[in-house]
Each structure stands twice: as structure tokens, then as C-alpha cells.
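Listed below, chain by chain, are the residues.
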Amino acid sequence: MPRRVINSSSSSSSPTMWSSFNPAAAGRHRRLSCLLLPAAVLVLTFTFCTRPATAAICGTSSYDPSSKICCSGSVQPWYNINTQCCGTTSYDPATKICCMGRVQPWYGFNTLCCGTTSYDSSTKTCCSGNLQPRYGINTQCCGTTSYDTSTKRCCNGVVC
């Protein structure tokens, strides 16, 4: 992030004020001010930053975009940089998944959606919107039921 010195001094005992501009959405700018304070005897420098209160509009409500997110007109919590919306609810995609507008549990890399429900595709399969057991690599759907193709067949939508 580019920085511009506003007030600096060659003396290590006086603090240095920095300011930087960060373009925000819709062409607006947010100003972030930081005060660099040298440590007493150590060579370390501590940085204290403050962000002035800025408000955004979500539906009919105003909110602070540094701590909240707007999801379809509803102000929701902001979890981290990866926070996403699922309908009118926010969620962290590292721990949850969005299935047709509903936040559901995340079961790892095998997580899939079956309608509005999440499931582990290594143990289950989705047959016409219904969760069914998985029978290994030979699993197929027969209508809304799963079956093992090595031992059974699908006859007119019925396992036989």
C-alpha cells in the first residue's frame, strides 16, 4: 500500500505520522492513519493504526464495512477476508458451504450439496434430491434410491 509522509523528523525520539489512501468501492476513499512509535531502547518500531468510522448502506440500514457485510439487504457479521454471502446470511467458506441459499456444514474437499443439504460425497450420494448411501465406485441412482451396480440393477425406476 503506498504511503505518504505527513510529518517526519530525523530524531528517533519523535513519532512519525503516516497516512495512506485505499480506494474503496464506488470510487470513495478511506483514510487509514498510522502512528509509528520507536521503542525506548530496542530497535523495534510499533505501529498503531486507526480507521475513522465510515458507514455504508445495506437495504435501509447503515453499517461499518470493516466489521460487517451486506447480504441481500441484510447486515451480517464479517468473519475474515473470505467471508461470503449465502442469501441473506454471511458465512466463512473455510468451515461452511452454501446450498441453495442455506448455510450448511463443510465436510472437507468431498463436500457437495444435495438440494439445501450438504454431505460428504465419499460416504453418500444424491439421488434426485435425496441423500443415499454410497456403495463404492459401483454406486448408481435408480430414481431416488442408490444401489450397487455389481449386485443389483435398476428396472423401470425400481432397484431389482
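Counting of residues starts from 1 at the beginning of each chain's written sequence and follows it residue by residue. Two thresholds apply to this predicted model, a pLDDT of at least 70 for residue-level local features and 80 or more for giving and counting side-chain atom pairs, whereas whole-chain, interface and lining totals are computed over all residues. Working from all heavy atoms in the structure, the side-chain values ignore hydrogens and water.

Let us look at unusual backbone geometry. Of note in the backbone geometry, S128 takes a positive phi value of approximately 50° without being a glycine. Helix and strand assignments follow DSSP, with helices taken as H or I runs no shorter than four residues and strands as E runs no shorter than two, numbered in order from the N terminus. Topologically, S128 is positioned in the loop between strand 15 (124–127) and strand 16 (130–133). On the basis of relative accessibility, which here comes to 60%, the residue S128 falls in the exposed class. Exposed residues in this analysis have more than 50% of their type's maximum accessible area, buried residues have under 20%, and partly exposed residues fall in between, with area computed by a 1.4 Å probe over protein chains only.

What follows deals with the confidence of the model for the chain. With 67% of its residues at a pLDDT of at least 70, the chain reaches an overall mean of 78. For the stretch residues 1–37, pLDDT sits under 50, and the model shows 68 contacts to residues farther than four places along the chain or on other chains. What pLDDT conveys is the predictor's confidence in a given residue, as a value from 0 to 100. By definition in these notes, contact holds between two residues if any of their heavy atoms fall within 4.5 Å. Across residues 39–52, confidence stays below pLDDT 50; counting only partners more than four residues off in sequence or on other chains, it has 24 contacts.

Working definition: a disulfide is two cysteine sulfur atoms within 2.5 Å of each other. Scanning all chains against the criterion turns up eight disulfides. Residue C58 pairs covalently with C70 via a disulfide, S to S 2.1 Å. Around the S-S axis, the bridge from C58 to C70 shows a dihedral of about 80° and counts as right-handed. Of this pair, C58 sits in strand 5 (residues 56–58) while C70 sits in strand 7 (residues 68–71), and the two are twelve residues apart along the sequence. Overall, C58 belongs to the buried group, its relative accessible area being 1%. Judged by its relative accessible area of 27%, C70 is partly exposed. Residue pairing for C114: its cysteine sulfur links by disulfide to C126, the two sulfurs lying 2.0 Å apart. Measuring the twist about the S-S bond at about 65°, one finds the C114-C126 disulfide to be right-handed.

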